[in-house]
Amino acid sequence: MKKDSGFVEYSAVLLLFFIGVLITGIVLFTSSAINFTQANSRDFDNKLAADRLLDGIIEKMQALTLHQYDYRNNAVIQSLMQEYAPYRLEFIDISSGFNLNFISDTDIIDTNIARLLFSDNTGTAFITWRNANGLSASKEVWREFIREEVWDSCVSFGWLHRNDLDSFAFRTISASFGITDPDELFPLVNDFPRMNVNMVNPDILRPLIIRSSFRVERANERANELINRLRNSPVMHADISSILRIPTNHPLMSYFGTRTAFWKIRFTMPSSLEVEAVVAAIPQRDGGVQDIELYRLINRRFL
């Protein structure tokens, strides 16, 4: 992650710089605030042009805040990809799935989730490793613990849900900042649903739906209904509760959302300079559970 000195990097210990930026409200600027150290003026100009292009993409991306759900063929995303087709622009959801940084103790010891995710079917080896090494900016360090079949369903970016205060992540955050009140850790800790169901392999939803403590009636049947629906079309947040026959305040609804929290953006400049950036959906404080205030650049690097 240190291929370029202009890349603003997450720290491995709770991404402290990122959290500090968000909590204090300091905006992370790109083209106007990045101090390039390259002596080559052409290299400087190419990177400056890339940052300006990225600024424009993120500005136009703000239109997503008006949408009720995100999916691969979203009109805003498709329009941007067409507009910037010469740059081979891509948008990748990097926060929908099981976030093993933020996964709660309750989830990680759930038999069905453990069997779905972990090569040892228990998660014991992962917990031991995580307790020794802390949180990770890249999921690559988890590869030995994760079943290959669900590798793409695991993520390392996301917001910590306020229901996950019994997690390793919250204990680490609380200790790092000396803060125990989750409200004071906004936006890192918030009510944003943990994953966008429109952007995941629908099969990974079953272990949560059939969890006995959630008491979903005819759980396997309801899981089949939701999974089959998602294989054919995206859903809105209200559709999820309707299909599963659960109220909108049911604990499952804190897992299953329809908005993407973190996007990775990739494009290539005419000079062959490749750019990769991460953009966060910043929730509205005291808004609805999926209300987004704006999209903000978190980091970017040149490849």
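Engineer: Teacher, can you tell me more about the overall build of the chain here?
Structural biologist: Within the chain one finds 10 helices and 10 strands. The buried share of the chain, reckoned over its 303 residues, is 53%. Of the roughly 14000 Å² of accessible surface on the chain, a fraction of 49% belongs to carbon and sulfur atoms.

Engineer: Got a minute to help me understand the side chain of threonine 268 in this structure?
Structural biologist: Mapped onto the fold, threonine 268 is located in strand S8 (residues 262–268). Here arginine 88 takes part through its side chain, which lies 3.4 Å from a polar atom of the side chain of threonine 268. Ignoring any residue separated from it by four or fewer positions in sequence, one finds threonine 268 in contact with Pro86, Tyr87, Arg88, Leu273 and Glu274.

Engineer: Which parts of the structure should I look at to understand helix H7 (residues 168–177)?
Structural biologist: One full turn of an α-helix is made of 3.6 residues, so residues set three or four places apart face in the same direction. All of the buried residues in H7 are Phe168, Ala169, Phe170, Thr172, Ile173 and Ser174. Packed against the buried residues of H7 are helix H4 (105–108), helix H6 (124–133), strand S4 (160–161) and strand S5 (189–190).

Engineer: I would appreciate a short explanation of the nonpolar core in the present structure.
Structural biologist: Inside soluble globular proteins, nonpolar side chains tend to come together where they are buried. By size, the foremost hydrophobic cluster in this structure holds 48 residues, and its most contacted members are Met61, Phe91, Phe262, Ile265 and Phe267. Mapped onto this core, the elements with two or more residues apiece are helix H2 (41–61), helix H3 (75–83), H7, S8, strand S9 (274–283) and strand S10 (292–302). Ranked by residue count, the leading element in this core is S9, at 7 residues. Those residues within four positions of phenylalanine 91 in sequence are excluded, and the remaining contacts are Ile57, Met61, Ile77, Leu80, Met81, Trp263, Lys264 and Ile265. Counting residues in each nonpolar core, the second largest holds 39 residues, with Leu117, Ile146, Leu208 and Ile243 among its members.

Engineer: Would you take a moment to explain the pattern of salt bridges for this structure?
Structural biologist: Any two side chains of opposite charge can pair, given that their charged atoms come close. Scanning the model with the defined rule gives 22 salt bridges in all. A salt bridge links arginine 231 to aspartate 203; its shortest N-O distance comes to 2.6 Å. With arginine 231 in helix H9 (residues 219–232) and aspartate 203 in the loop between strand S6 (195–196) and helix H8 (206–209), the pair connects residues that are 28 residues apart, well separated along the chain. Linked by salt bridges that have partners in common, Arg218, Glu221, Arg222, Glu225 and Arg245 make up one network.

Engineer: Please explain the environment of isoleucine 94 as it appears in this structure.
Structural biologist: Mapped onto the secondary structure, isoleucine 94 falls in the loop between strand S1 (90–93) and strand S2 (98–99). The class for isoleucine 94 is buried, based on a relative accessible area of 13%. Not counting chain neighbours up to four residues away, the residues in contact with isoleucine 94 comprise Val155, Phe157, Phe262, Trp263, Lys264 and Val278.

Engineer: What's the story with the sheet that holds S9 in this structure? I'm lost.
Structural biologist: Strand pairing in a sheet takes place through backbone hydrogen bonds and is either antiparallel or parallel in direction. The 4 strands are arranged S1-S8-S9-S10 in an open sheet whose pairing can be described as antiparallel. The sheet is open, and its two edges are formed by S1 and S10, each paired on a single side. Averaged over all neighbouring strand pairs, the angle between strand axes comes to 25°, with direction disregarded. Pairing of S9 with S10 involves 9 bridges; the strand directions are antiparallel. Along S10, the bridge assignment pairs proline 283 with isoleucine 292.

Engineer: Where do I start with the packing of H2 against H3 in this structure?
Structural biologist: The geometry of a pair of packed helices is captured by two quantities: the angle between their axes and the separation between those axes. Viewed as axis vectors pointing N to C, H2 and H3 meet at an angle of 155°, and their least axial separation amounts to 10 Å. The pairing of H2 with H3 is recorded here as roughly antiparallel in orientation. In this structure, H2 meets H3 at a crossing whose hand is right-handed. Each of Ile57, Lys60 and Met61 in H2 lies in contact with H3, whose residues at this interface are Val76, Leu80 and Glu83. Residue classes in the contact of H2 with H3 are distributed as 4 nonpolar, no polar and 2 charged.

Engineer: What is the right way to look at H6 in this model?
Structural biologist: Where H6 is concerned, the buried positions are Phe126, Trp129 and Arg130. Viewed end-on, H6 has its buried residues packed into an arc of 100°, placing them on one side of the element. Pointing more than 90 degrees away from the buried face of H6 are the exposed residues Thr128 and Ala132. Where H6 terminates, the next one or two residues include glycine 134, which has phi positive at roughly 80°.

About the criteria used
- Residues numbered from 1 in each chain as written.
- Predicted model: local features only at pLDDT ≥ 70, side-chain atom pairs only at ≥ 80, totals over all residues.
- Heavy atoms only, no water.
- Helix = DSSP H or I, 4+ residues; strand = E, 2+ residues; numbered from the N terminus.
- Buried < 20%, exposed > 50% of the residue type's maximum accessible area, 1.4 Å probe, protein only.
- Areas by Shrake-Rupley, 256 points an atom, 1.4 Å probe, with all protein chains shown as cover.
- Polar contact = N/O pair within 3.5 Å; in protein donor to acceptor, adjacent residues only side chain to side chain.
- Contact = heavy atoms within 4.5 Å.
- Core = buried A, V, L, I, M, F, W, Y, C linked by side-chain atoms within 4.5 Å.
- Salt bridge = Lys/Arg side-chain N within 4 Å of Asp/Glu carboxyl O.
- Pairing = 2+ DSSP bridges.
- Axes fitted to C-alpha atoms, helices over the stretch in contact; angles between N-to-C directions.
- Parallel < 35°, antiparallel > 145°, perpendicular 65-115°, else oblique.
- Left-handed = near helix turned anticlockwise from the far one by under 90°.
- Nonpolar A, V, L, I, M, F, W, Y, C, P; charged D, E, K, R; others polar.
- Arc of directions from axis to C-beta.

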